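Residue strings, one per chain:
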Amino acid sequence: MTRTKGRSLAIVTVAYVIAVAVGLAWLLWGPTTGRLWLDTLIADILATLVVFTFSRVYRNSSFYDAYWSVIPPLLLIYWWSQGDGDALRTWLIAVLVVVWAVRLTANWVYAFPGLHHEDWRYPMFRDRAGRFEFAADLVAIHLIPTLQVFLGMIPVYVAVTTPGSGLVWLTVVAFVVGMAAVTIEGVADVQMHRFVATARPGEVMDRGLWGWSRHPNYFGEFGFWFALALFGLAAAPTAWWLFAGAAAMLAMFLGASIPMMETRSLERRPGYQAVVDRVSRFVPRPRAGARA
């Protein structure tokens, strides 16, 4: 049965409310491990399992898509309530994370056609897994992204639970880098939406930021997670391992997301090869003759 966008969004919202409620119930009344980060990781996984259940019931793994941007601000708020980090650092992180989350979630809502549609990558993952499609759906589509986002948020955990002002100059740099990254991602998405609205079949996007990078949205997304790592480093200047989350994001974009997108674009749009030949793959670099 085809569901309208409004009804589909209502169903997804109900799924997320239940998921968050289950996670919060664990934090409030479940057994504690004595480690705040581990308690929230368990709650995060339990919430993911709720979303996974809805994905299976409705046979659509795109239920999970918005989880990427919905959960980080909730983790931040809970850690903030339990921590004793520097006020300036915590507020700047909060502004950045909320702006990022609202923008990315709004972009998902705008582009979401309804539960009759599923991201093209998910059926491919399940089909390739064969008889292990249930495990592929649970692990590859739901649990691994949850763990990856949680790893990316660990610097935030360190930043909001570590007392002291730390490196104030690096805190400011982190905020500037993060807001610039979110701006790049937002501009790239708007430009792509405008292109899609008027594009002819087979036409390729090489305008604006997309004439500087073939994937400026991924570049902006990586920049956001890199900025979170800088916030963590500002609070704990010797903890270089805090960049593990940003590194994992970069590896996913360069090793999986971008190759899959490019293979599909080359198959569907013959003219995309010319874009590959002249436009930077990831880091934006101005090119002579790029269209505004």
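Here, every reference points to the structure presented above.
What comes next concerns the included structure. Note that the coordinates shown come from a computational prediction; the quantities given were computed from them, not determined experimentally.

Tallied over the entire structure, the rule returns 20 aromatic pairs. Judged by centre distance (5.2 Å) and plane angle (75°), the ring pair of Trp79 and Tyr157 falls under edge-to-face. Taken together, the positions of Trp79 in helix 3 (residues 67-82) and Tyr157 in helix 6 (residues 133-161) put the pair 78 residues apart, joining distant regions of the chain. The residues Trp79 and Tyr157 share a single accessibility class, namely buried. A centroid spacing of 5.5 Å and a plane angle of 45° characterise the contact between Phe226 and Phe243, whose relative ring orientation is tilted. Residue Phe226 is located in helix 8 (residues 216-235), and its partner Phe243 is located in the loop between helix 8 and helix 9 (244-268); the two are separated by 17 residues in the primary sequence. Taking relative accessible area as the criterion, Phe226 reaches 31% and is therefore assigned partly exposed. On the accessibility criterion, Phe243 (16% relative accessible area) is buried. Taken together, Phe219, Phe222, Phe226, Trp240, Phe243 and Phe282 form an aromatic cluster joined through their ring pairs.

Time to look at the environment of Gln191. With respect to the helices and strands, Gln191 occurs in helix 7 (residues 168-198). Relative accessible area serves as the criterion here: at 22%, Gln191 is assigned to the partly exposed category. Sequence-wise, Gln191 and Pro155 are 36 residues apart; in three dimensions their C-alpha atoms are separated by 31 Å.

Approximately 260 Å³ is the volume found for the second largest pocket. In terms of lining, the second largest pocket is formed by 15 residues, of which the most central are Val20, Leu24, Leu27, Leu74 and Leu75. Put simply, the parts of the chain that give the lining of the second largest pocket at least two residues each are helix 1 (5-29), helix 2 (36-57) and helix 3. Considering each element in turn, the lining of the second largest pocket owes the most residues, 7 residues, to helix 3. A per-class count over the lining of the second largest pocket returns 11 nonpolar, 3 polar and 1 charged.

All chains considered together, the criterion is met by 9 salt bridges. Residues Asp119 and Arg121 are paired through a salt bridge, measuring 2.8 Å at the closest nitrogen-oxygen approach. Judged on exposure class, the residue Asp119 and its partner Arg121 are both buried. Asp206 is the salt-bridge partner of Arg278, the closest N and O atoms lying 2.3 Å from each other. Linking Arg278 in helix 10 (residues 272-278) with Asp206 in the loop between helix 7 and helix 8, this pair joins segments that are 72 residues apart in sequence. Residue classification places Asp206 among the buried positions, given a relative accessible area of 9%.

A separate point is the nonpolar core. Counting residues in each nonpolar core, the largest one holds 66 residues, and the members touching the most others are Trp79, Met153, Trp225 and Leu228. Only helix 1, helix 2, helix 3, helix 4 (87-111), helix 6, helix 7, helix 8 and helix 9 provide two or more residues apiece to this core. Broken down by element, the residue count for this core peaks at 12 residues, all from helix 8. Excluding its chain neighbours within four sequence positions, the residues that come into contact with Trp79 are Leu36, Thr40, Phe150, Met153, Val156, Tyr157, Val160 and Thr161.

Relative to each other, helix 6 and helix 9 sit at 140°, their axes nearing to 7 Å. Considered as vectors, helix 6 and helix 9 are oriented oblique to each other. Here Gln148, Val149, Leu151 and Gly152 of helix 6 come into contact with helix 9, specifically with Ala244, Gly245, Ala248, Met249 and Met252. Each residue belonging to the contact of helix 6 with helix 9 can be placed in one class, and the counts come to 6 nonpolar, 3 polar and no charged.

Time to look at the environment of Pro284. Looking at the element boundaries, Pro284 is found in the segment after helix 10. Distance from Pro284 to Phe219, taken between C-alpha atoms, is 7.9 Å for residues 65 residues apart in sequence. Sequence-distant contacts of Pro284, defined by excluding residues within four places in its chain, comprise Trp212, Ser213 and Phe219.

Here the structure, examined in full by the defined rule, presents 1 cavity of 30 Å³ or more. In this model, the largest cavity occupies a volume close to 30 Å³. In terms of lining residues, the largest cavity is bounded by Asp44, Tyr64, Tyr67, Trp68, Ile71, Thr146 and Val149. Every element with two or more residues in the lining of the largest cavity is listed here: helix 3 and helix 6. With 3 residues, the single largest contributor to the lining of the largest cavity is helix 3. Partitioning the lining of the largest cavity into residue classes produces 5 nonpolar, 1 polar and 1 charged.

About the cut-offs
In this convention, every chain numbers its residues from 1, walking through the sequence in written order. Where totals are concerned, whole chains, interfaces and linings use all residues; where local detail is concerned, this predicted model gives features only for residues with pLDDT of at least 70, and gives and counts side-chain atom pairs only at 80 or more. For side-chain calculations, the full set of non-hydrogen atoms in the structure is used, while hydrogens and water are omitted. Geometry of aromatic contacts follows a simple scheme: Phe, Tyr and Trp rings, the Trp one being its six-membered ring, pair when their centres are within 6.5 Å, and the pair is stacked under 30 degrees between planes, edge-to-face over 60, tilted otherwise. Counting from the N terminus, the helices are DSSP H or I runs at least four residues long and the strands are E runs at least two residues long. Only protein chains enter the accessibility calculation, which uses a 1.4 Å probe. A residue is then buried if its area is under 20% of the maximum for its type, exposed if over 50%, and partly exposed in between. Put simply, the grid is 1 Å and covers the protein atoms alone, a cavity is a trapped set of points that fit a 1.4 Å probe, a pocket is an open set with protein on both sides within 12 Å along at least five of seven lines, and lining residues have an atom within 4 Å of a point. Grid points are joined across faces, edges and corners, and a volume is the space filled by probe spheres set on the points. The nonpolar class holds Ala, Val, Leu, Ile, Met, Phe, Trp, Tyr, Cys and Pro. Asp, Glu, Lys and Arg form the charged class, and all remaining residues, Gly among them, are polar. Any carboxyl oxygen of Asp or Glu that lies within 4 Å of a side-chain nitrogen of Lys or Arg is treated as forming a salt bridge with it. Here, the term nonpolar core denotes a set of buried Ala, Val, Leu, Ile, Met, Phe, Trp, Tyr and Cys residues that are joined through side-chain atoms within 4.5 Å. We call two residues in contact when some of their heavy atoms are within 4.5 Å. Each axis is a line fitted through C-alpha atoms, taken for helices only over the stretch in contact, and angles between the N-to-C directions span 0 to 180 degrees. For classification, angles of less than 35 degrees are called roughly parallel, those exceeding 145 degrees roughly antiparallel, those between 65 and 115 degrees roughly perpendicular, and all remaining angles oblique.

In short, the description is geometric, and any link to function would need to be established separately.
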